[in-house]
Amino acid sequence: MKINLKRYKPSPIPSIFPIPEYLADEELKQIYNETKQHLQVPWMGVVTMAFAHYPLFFKTLWNGIRDIVSSQEFVFACKELRDFTEELVKELEPELILNELETKGYAKQEIESILEINEIFSHGNMPYIIIASIARLLLEGNEISMKLNYNKFKEWHGPSKEKKLILLEQHHVDKETFNTFESIKTTINLPFLNTDYRAFARWPTYFNYAWTDLKNKIQTTLYEKQVSLVHDFAIEKALSLPNPASLKSAKLIIACKNTNQYEEIKEVVSLFQWLLPGLATNVSYLRAQLNGLNWKRK
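So, how was this worked out
Residues numbered from 1 in each chain as written. Predicted model: local features only at pLDDT ≥ 70, side-chain atom pairs only at ≥ 80, totals over all residues. Heavy atoms only, no water. Phe/Tyr/Trp six-rings, centres within 6.5 Å; stacked < 30°, edge-to-face > 60°. Helix = DSSP H or I, 4+ residues; strand = E, 2+ residues; numbered from the N terminus. Buried < 20%, exposed > 50% of the residue type's maximum accessible area, 1.4 Å probe, protein only. Lys NZ or Arg CZ within 6 Å of the ring centre and 35° of its normal. Contact = heavy atoms within 4.5 Å. Axes fitted to C-alpha atoms, helices over the stretch in contact; angles between N-to-C directions. Parallel < 35°, antiparallel > 145°, perpendicular 65-115°, else oblique. Nonpolar A, V, L, I, M, F, W, Y, C, P; charged D, E, K, R; others polar. Core = buried A, V, L, I, M, F, W, Y, C linked by side-chain atoms within 4.5 Å. Salt bridge = Lys/Arg side-chain N within 4 Å of Asp/Glu carboxyl O.

A word on the packing of aromatic side chains. Considering all chains together, one arrives at 10 aromatic pairs under this definition. Look at phenylalanine 84 and phenylalanine 233: their rings are 4.3 Å apart centre to centre, the planes differ by 5 degrees, and that puts the pair in the stacked class. Remark: phenylalanine 233 occurs in helix H10 (residues 221-240) and phenylalanine 84 occurs in helix H4 (residues 72-90); sequence separation between them is 149 residues. According to the relative accessible area criterion, phenylalanine 84 is partly exposed, its value standing at 25%. One aromatic cluster is present, built from ring pairs that chain together Trp43, Phe121, Tyr128, Tyr197, Phe200 and Phe207. The ring centre of tyrosine 262 lies 5.2 Å from the NZ or CZ of lysine 257, which sits over that ring.

Shown next as structure tokens:
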């Protein structure tokens, strides 16, 4: 099955209202816990917390994809998407910054800690991209596969369970890092920061330096071409997966229309389905700057 779904950034950018884990009610908390368990990630992405603002839509989507995201087919699709993204990033020729970090005083153990955090997002962004792609496909009237049979993935494929995320908000940081945060929002043209950037800012002298190089690449034609290829590959993977719960477009659209929020939800889904391929590319680029594309890969 092949569907050409163009990259689409809503304009104006819709407002998002993510529901953080500490504000989730019991039913939503269960979905959040299941999401982290099945995706094997230690954090809830802004994308799913923003979807959760629309409870009927989010519950319908999750019930439809729960078995998909716990399948071998999904895990392998995420790995293929990551490999594809990292190969494309090499063509952007990231600047190697290890020597600069060592000059700043970074020890090997500190650089490994940065790579451990990068591994969390390098692994975890891929399932979120595919989930957002499935949601957009269905909300725009496209059907995903109707293959019912799937193979349960029973092993651990995620990053270290031990590593905790320390997130810095704009009111936590010094002026230089605050300016980096503002630069990210301006460059990507978004009013919010994804979790990834707030985690990397834990090492401000690293992150401020790394962003300067990445920013220059984001503003190139080649970068946009590469991100579009990641987008297309994610759509291809989303369409290839089994669909054991028989989730259909009409069911998800009705869940939105029953609360008179179809257009609003469609724009929010489109926003995340647009931004996530770029975010994954950026995280992969930050990894390559540390010569870490092959560091502790599963």
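What follows covers the environment of isoleucine 218. Note that isoleucine 218 resides in helix H9 (residues 204-218). By relative accessible area, isoleucine 218 is classed as buried at 13%. Those residues within four positions of isoleucine 218 in sequence are excluded, and the remaining contacts are Thr187, Trp211, Tyr223 and Asn282.

Packing of helix H6 (residues 108-139) against helix H11 (residues 249-257) leaves a shortest axis separation of 8 Å and a crossing angle of 85 degrees. Classed by the angle they form, the pair H6 and H11 counts as roughly perpendicular. On the side of H6, the interface is formed by Ala135, Leu138 and Leu139, while H11 contributes Ser249, Leu252, Ile253 and Cys256. Among the residues making up the contact of H6 with H11, the classes are represented as six nonpolar, one polar and no charged.

Below, the discussion takes up the nonpolar core. Phe51, Phe57, Tyr206 and Phe272 are the most contacted members of the largest nonpolar core, which has 99 residues in total. No other element matches the 17 residues that H6 contributes to this core. Excluding its chain neighbours within four sequence positions, the residues that come into contact with phenylalanine 272 are Ile16, Val46, Val47, Ala50, Phe51 and Phe192.

Moving on, we come to the pattern of salt bridges. Throughout the structure, instances matching the rule amount to 15 salt bridges. Salt-bridge contacts for arginine 7 lead to glutamate 224; the nearest nitrogen and oxygen are separated by 3.2 Å. With a gap of 217 residues between them, arginine 7 in the segment before helix H1 (26-39) and glutamate 224 in helix H10 connect regions that are remote in the sequence. Here glutamate 224 falls in the partly exposed class, since its relative accessible area comes to 36%.

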